Amino acid sequence: MRLIHWQKIGHIILLLCYCAISGFSQFQANYDESKIPDYKLPDPLLAEDNTKITNSKDWIEKRRPEIQRLFQTQVYGITPAMKYSMTFDVQTDQNTLDGKAIRKQVTLYPTGNPQDYHIEMLIYLPKGVSTPIPMFLGLNFSGNHTVHLDPGIKISSHWKENMKRSPKTESIDPETTRGSASSRWAIDMILKRGYGLATIYYGDIDPDFDDQFQNGVHPLFYTQGQTKSKEDEWGSIGAWAWGLSRAMDYFEKDPDIDQRHVSVMGHSRLGKTSLWAGAQDQRFAIVISNDSGCGGAALSLRRFGETVGRINRSFPHWFCDNFNQYNENEDALPVDQHMLISLMAPRPVYIASAFEDRWADPKGEFLSGKYASPVYQLFGKRGIGVDTMPDLNTPVGHTIGYHIRSGKHDVTDYDWKQYLDFADRHFQK
Ligand code: GTR
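Since the model is a prediction, treat every value here as computed from it, not as a measurement.

1. Considering the overall build of the protein
Here comes step 1: Check the secondary structure of the protein and you find ten helices and ten strands.
Here comes step 2: Here the C-alpha radius of gyration of the protein, 22 Å, is about what a compact globule of 429 residues would show, namely 22 Å.
Here comes step 3: If you line up the protein on its principal axes, its C-alpha atoms span 85 × 55 × 45 Å.
Here comes step 4: Across the protein, the fraction of contacts at a sequence separation of at least 24, relative to all contacts at a separation of at least 6, is 69%.
Here comes step 5: Taken as a whole, the protein presents about 18,700 Å² of accessible surface, with 52% of it coming from carbon and sulfur.
Here comes step 6: Here the protein holds 47 positive side-chain charges and 52 negative ones, and the gap between their average locations is 2 Å.

What follows is the structure in structure tokens.
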């Protein structure tokens, strides 16, 4: 009798341990503002030695590097320095999209050796423009060939390999997927407004699944004997952001492109990525986050919708291992996402939310912009310029732009129109 009793208790303890560790199955997102725990955001303007930062010089020389280091070691992981000389091949078609565009397809060889690794970039430029063209750059989820029906877009070999991984997708005929994501890429509108668009399939840089970083670009950077990223080294978001910087390296060599006016844009996990790319690489003139949510623009300390613990358990490969320390332990975070936004200063940054995208915490995304604004003031710039969230479909902001549009987690023409207006304003077009 006694034995049975202890066995039962043992089983209950095991079950409780399992639940605590997995935490996952029972995760219940909080969507109630009144249930958000009290929290205190770290102050972007308070340096680690407790001095208050009051001017842009101290921000640039002292505080910014501190914050960047914390995001590197605690959140996204350190990105290795580029130790190779990248080379590339370009295929140009002067007459695509019914004569409206020039299409370039650029194969990037990050190590300089085509045998090691390659990444395919698709570029559309408006035709008939004699000056270098300002650009939007963004990673895509489903292959370059899905952004437009254009039959000339190459289908990436990495995309084909990724499709083979699942019985659900292995027999898909790639031709039937052309243009399937075109509603997210307002290519006609972008070209009409005088901008170019460049995009790369994110799986070309690092396939989006947890394989302890055996594929993608990570192994190119392992030191002798290393087989996976260390706790403070880059995960997939770090690698995707690195890929965006390689696109920028190419832009610097293409005289058709105005590399001083490149806006890096991303949606969702790729919005987290555009922010991290913009934070690390100041060559990006404008940074745009579309519905980036947890680990992107949303404040982690609010614990509204997706949380740090939930994201790390669902996607163990996105951030660095050190970020796991903050699972259900957000109060210990030395940074929150308003400080990621502050790393863009004084460059313009745009944060977009969608009303039905509660998982991404629209209010937390807005507040990041608001609480990054004091850093912009050091540069004599107005940040978001309002205290409370604007009405639906009513963009606000100065150097930090913000809107919440009606509808779901997605990228729509409405979003693109705001990004184009924002770029026109800041590039004085
Ligand atoms: C969700 C994830 C979000 C967001 C989204 C996406 O499953 O929880 O953080 O990034 O995926 O990238 O589509």
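Moving on, there is more to tell.
2. A short note on the site of the ligand
Here comes step 1: In the neighbourhood of the ligand, the contacting residues comprise Ser268, Arg269, Lys272, Glu306, Ile311, Phe315, Trp318, Trp359 and His409.
Here comes step 2: With respect to the ligand, the side chain of Ser268 contributes an N or O atom lying 2.7 Å from an oxygen atom.
Here comes step 3: Contact between the ligand and Trp359: an oxygen atom at 2.9 Å from a side-chain N or O atom of the residue.
Here comes step 4: Relative to its unbound accessible surface of 310 Å², the ligand loses 80% to contact with the protein.
Here comes step 5: Class assignment of the residues belonging to the shell around the ligand gives a composition of four nonpolar, two polar and three charged.

3. Examining the sheet that holds strand β10 (residues 400-405)
Here comes step 1: The ten strands lie next to each other as β1-β2-β3-β5-β4-β6-β7-β8-β10-β9, forming an open sheet whose pairing is mixed. On the outer flanks of this sheet lie β1 (87-96) and β9 (396-397), each paired with one strand and no other.
Here comes step 2: Relative to β10, β9 is paired through two bridges, and the arrangement is antiparallel. Its bridge partner lying in β10, Val396 is registered against Tyr402.

4. Quick notes on the packing of aromatic side chains
Here comes step 1: Under the criterion given, the structure shown has 24 aromatic pairs.
Here comes step 2: Arranged with centres 5.6 Å apart and planes meeting at 80 degrees, the rings of Phe221 and Trp242 form a pair that is edge-to-face. With Phe221 in the loop between β5 (196-201) and α5 (236-251) and Trp242 in helix α5, the pair connects residues that are 21 residues apart, well separated along the chain. As far as burial versus exposure is concerned, Phe221 and Trp242 are alike and both buried.
Here comes step 3: We note Arg165 situated over the ring of Phe209; from NZ or CZ to the ring centre the distance is 3.3 Å.

5. A short note on the side chain of Gln72
Here comes step 1: Structurally, the position occupied by Gln72 is in helix α2 (residues 56-76).
Here comes step 2: Residue contacts for Gln72: discarding those within four places in its chain leaves Gly77, Ile78, Asp232, Trp276 and Cys320.

6. Some details on the nonpolar core
Here comes step 1: One finds Phe71, Met121, Ile123 and Phe251 to be the most contacted residues of the largest nonpolar core, which totals 86 residues.
Here comes step 2: With sequence-adjacent residues up to four places away left out, Phe71 is seen in contact with Tyr76, Gly77, Trp276, Val335, Asp336, Gln337, Met339, Leu340 and Leu343.
Here comes step 3: Membership of the second largest hydrophobic core comes to 27 residues, among which are Leu122, Met265, Ile286 and Ala423.

7. Concerning the pairing of strand β8 (residues 349-354)
Here comes step 1: Burial runs high along β8: six of the six residues are buried.
Here comes step 2: Across the two faces of β8 the burial is the same, with Val349, Ile351 and Ser353 and Tyr350, Ala352 and Ala354 all buried.
Here comes step 3: The pairing of β8 with β10 spans six bridges and is classified as parallel. Within β10, the position partnered with Tyr350 by the bridge is Gly401.

8. Digging into the environment of Trp159
Here comes step 1: Following the sequence through the fold, Trp159 ends up in helix α3 (residues 157-164).
Here comes step 2: Residue class for Trp159 comes out buried when judged on its relative accessible area of 4%.
Here comes step 3: It is 6.3 Å that separates the C-alpha atoms of Trp159 and Gly143, two residues lying 16 residues apart in sequence.
Here comes step 4: Not counting chain neighbours up to four residues away, the residues in contact with Trp159 comprise Ser142, Gly143, His145, Pro174, Thr177 and Tyr201.

9. What to know about the side chain of His338
Here comes step 1: Its place among the elements puts His338 in helix α8 (residues 337-342).
Here comes step 2: Residue His338 is classed as buried on the basis of its relative accessible area, which comes to 1%.
Here comes step 3: When near neighbours in sequence (up to four residues on either side) are disregarded, His338 contacts Leu41, Pro42, Pro44, Leu299, Ser368, Tyr371 and Ala372.

10. Details of unusual backbone geometry
Only a minority of non-glycine residues have a phi that is not negative, and only a minority of peptide bonds are not trans.
Here comes step 1: Going from Ala345 to Pro346, the amide bond is cis rather than trans, its omega being 0 degrees.
Here comes step 2: Examined against the element boundaries, Pro346 turns out to sit in the loop between α8 and β8.
Here comes step 3: For Asn50, which is not glycine, the phi dihedral falls at a positive 70 degrees.
Here comes step 4: Structurally, Asn50 can be placed in the loop between α1 (2-22) and α2.
Here comes step 5: For Ser268, which is not a glycine, the phi torsion comes out positive at approximately 60 degrees.
Here comes step 6: Overall, Ser268 belongs to the buried group, its relative accessible area being 12%.

How each quantity is defined
Residues numbered from 1 in each chain as written. Predicted model: local features only at pLDDT ≥ 70, side-chain atom pairs only at ≥ 80, totals over all residues. Heavy atoms only, no water. Helix = DSSP H or I, 4+ residues; strand = E, 2+ residues; numbered from the N terminus. Rg over C-alpha atoms; globule rule 2.2 N^0.38 Å. Contact = heavy atoms within 4.5 Å. Areas by Shrake-Rupley, 256 points an atom, 1.4 Å probe, with all protein chains shown as cover. Lys, Arg positive; Asp, Glu negative; His and termini not counted. Charge placed at Lys NZ, Arg CZ, Asp CG, Glu CD. Near = heavy atom within 4 Å. Polar contact = N/O pair within 3.5 Å; in protein donor to acceptor, adjacent residues only side chain to side chain. Nonpolar A, V, L, I, M, F, W, Y, C, P; charged D, E, K, R; others polar. Pairing = 2+ DSSP bridges. Phe/Tyr/Trp six-rings, centres within 6.5 Å; stacked < 30°, edge-to-face > 60°. Buried < 20%, exposed > 50% of the residue type's maximum accessible area, 1.4 Å probe, protein only. Lys NZ or Arg CZ within 6 Å of the ring centre and 35° of its normal. Core = buried A, V, L, I, M, F, W, Y, C linked by side-chain atoms within 4.5 Å.

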